[in-house]
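Report on the structure
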Amino acid sequence: MDNRNKLQKRLEFLVEFFALILSNVFSYIFFTCVIKRIESYSINSWTVYSIIVTLSCIVIFSCFFSPINLFKRSKPREIASALRNCVLTYSLIAVLLLITKNEIINSRYLFISSFAGYCILTLSGRFVLKRTLIKKIPNSKMASMVGVITTIERAREFVPLLKTDWSKNVKAIALVDTKFENGVYKKHISKSIGSKSILVDTEEIVSEIDGVPVVANLDNLFGWIRTASLDEVYINLPHGHESEVAAYIEELEDMGIIVNINVPSLEKILKESKFDNLNCEVKANVPMAVFSPVNHNKTKLTIKRFIDIIGGLAGTIISLPVILITAVPLLIESPGPLIFKQQRVGKNGRLFNIYKLRSMYSDAEERKKALMQQNKMDGFMFKMDNDPRITKVGKFIRKTSIDELPQFWNVLKGDMSLVGTRPPTIDEFEQYESHHKRRLSLNPGITGLWQVSGRSDIQDFEEVVKLDCEYIDNWSLWLDIKILFKTIGVVLTHKGAE
């Protein structure tokens, strides 16, 4: 996370935290001094309540903070994000109050009024913060003072984009393809005559770009840098300037200035790539550019795993009596093992054993080859209507998703997650094309976006891949929560189940 994101995160947390505190304080004062509706609670109850409120705010904000640049956040998105955090925070407060049996849970006036106040203050605070950061910070002492070394054409595209970062104040530009003459910087171009290359001046005068003044060229570049007030410099030059760039970096490093440099050889690759997640690291003393389809937050992935452990443990305990009850008719109808174990392909091709309640006859795998012509899926998944391999009890446990219950053990082991993508069989995986494997870049799940989108109605494998990749690209803890709630609805209504 860069400095802009770190500062943005801290400020947004302070806004939400103080909004929560103020809403509770105002509600308490109003309903004790103006309208007496709050009972006299013990100091211990208020202490526990304060801890719960603070803890809930920290947990929800940490899980659902959006690092998106403020310039790219629309008003509807800002409102939705703020209200979501408010609802989740108060939901967690309510749960913790019930768990601790805190008597303040009985104070409806405090709870409802402070929630309403929290929503209003959070929304107001966010919009004030956004306006302040965008309008005030770039011109304040908090902003990083930036200089740019580039060419005219690149500056016209690069500088406006750089200015969208509210944590930076772009002070000046040095254009290496200009010539200083009669007090102004003029654009010049190079023309070849025979074996010689000569510079030809044009009449175009370049004094500023997007409001940022042009103050130097190659002739006075280092003189400008030595005397200017700069925290960092951005060097954005095309091929052919490598020798000059090395000299710039050495000089800037000697001055203690942060240097940001483009890598021309990567620009074409990045433009042609579907993804824009690029990091540069030094590995084995060699600078490496690291491309990744999606760069998920490691802290949030850790929280996801923690939720999986809690959910997997709870699911295993709750499902045991259901499995035992189901086992009796299942084994009477079809003798054989109760638990069906099959090798599946997990994250990035890792093999693991998936566990299900057996819903088919024991010879189901052998009979599959003879039924392949009746596969109704277009692609590398097998599905057919009235599959003769499925037992009568099996049809029931599939329709009610009881057959999936042993997978909570897979979640506990870490092979699967509560929410993810469907793990393919080995024979399905062996037929994959390159783009299909991307659906395995996260741990597979018991449920997922495909499962809650009407899985029996989707008969094109490419549509499954599209939904899985959509989940991976847009993954967040909030998305997992929404899918889990949708899954409950799907299981209760049997929608899309087969």
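Structure: see above.
Predicted model, so just to flag it, every value in this text is computed and none were measured.

So, on to the overall build of the protein. Scanning the protein from terminus to terminus reveals 15 helices and 15 strands. Residues classed as buried in the protein amount to 43% of the 498 residues present. Long-range contacts, defined as pairs at least 24 residues apart, comprise 72% of the intrachain contacts of the protein with a sequence gap of at least 6.

In this description, a pair of aromatic rings is defined by centroid distance and the angle of the planes. Summed over all chains, the structure comprises 16 aromatic pairs. Pairing Phe 17 with Phe 18 gives two aromatic rings, centres 5.9 Å apart and planes at 65°, and the pair type is edge-to-face. Arranged with centres 5.0 Å apart and planes meeting at 90°, the rings of Phe 30 and Phe 31 form a pair that is edge-to-face. Residue Phe 31 is classed as buried on the basis of its relative accessible area, which comes to 11%.

A few words now on the pattern of salt bridges. Enumeration according to the criterion identifies 10 salt bridges in this entry. For Glu 78, the salt bridge is made with Arg 126, and the minimal N-O distance between the two is 3.0 Å. Placement of the pair is Glu 78 in helix α3 (residues 75-99) and Arg 126 in helix α4 (residues 108-135), with a sequence separation of 48 residues. For Glu 78, a relative accessible area of 2% gives the class buried. Look at Arg 126 and you get buried, because its relative accessible area is 5%. For Lys 168, the salt bridge identified is with Glu 232, shortest N-O distance 2.9 Å. Of this pair, Lys 168 sits in strand β2 (residues 168-175) while Glu 232 is found in strand β8 (residues 232-236), placing the two residues 64 residues apart along the sequence. Here Lys 168 matches Glu 232 in class, with each residue buried. A cluster of three or more residues bridged by salt bridges with shared partners is formed by Glu 16, Glu 78 and Arg 126.

Attention now goes to the pairing of strand β10 (residues 278-283). Both β10 and strand β11 (residues 286-291) contribute to a ladder of six bridges, which runs antiparallel. Within β11, the position partnered with Glu 281 by the bridge is Met 288. The hairpin formed by β10 and β11 contains two residues between the paired strands, and Ala 284 there has a positive phi angle of roughly 55°.

The next point concerns the nonpolar core. Within the largest apolar cluster, 39 residues are counted, with the highest numbers of intra-cluster contacts made by Tyr 471 and Ile 483. Where this core is concerned, the elements lending two or more residues are α2 (43-64), α9 (298-333), β13 (351-357), α11 (392-399), α12 (407-413), β14 (417-419), α14 (461-473) and α15 (477-493). No other element matches α14, which puts seven residues into this core. Excluding residues within four positions of it along the chain, Tyr 471 makes contact with Lys 304, Val 419, Gly 420, Thr 421, Leu 442, Leu 449, Leu 479, Asp 480 and Ile 483. By size, the runner-up hydrophobic cluster in this structure holds 18 residues, among which are Phe 31, Tyr 41, Tyr 49 and Ile 52.

What counts as what
Residues numbered from 1 in each chain as written. Predicted model: local features only at pLDDT ≥ 70, side-chain atom pairs only at ≥ 80, totals over all residues. Heavy atoms only, no water. Helix = DSSP H or I, 4+ residues; strand = E, 2+ residues; numbered from the N terminus. Buried < 20%, exposed > 50% of the residue type's maximum accessible area, 1.4 Å probe, protein only. Contact = heavy atoms within 4.5 Å. Phe/Tyr/Trp six-rings, centres within 6.5 Å; stacked < 30°, edge-to-face > 60°. Salt bridge = Lys/Arg side-chain N within 4 Å of Asp/Glu carboxyl O. Pairing = 2+ DSSP bridges. Core = buried A, V, L, I, M, F, W, Y, C linked by side-chain atoms within 4.5 Å.

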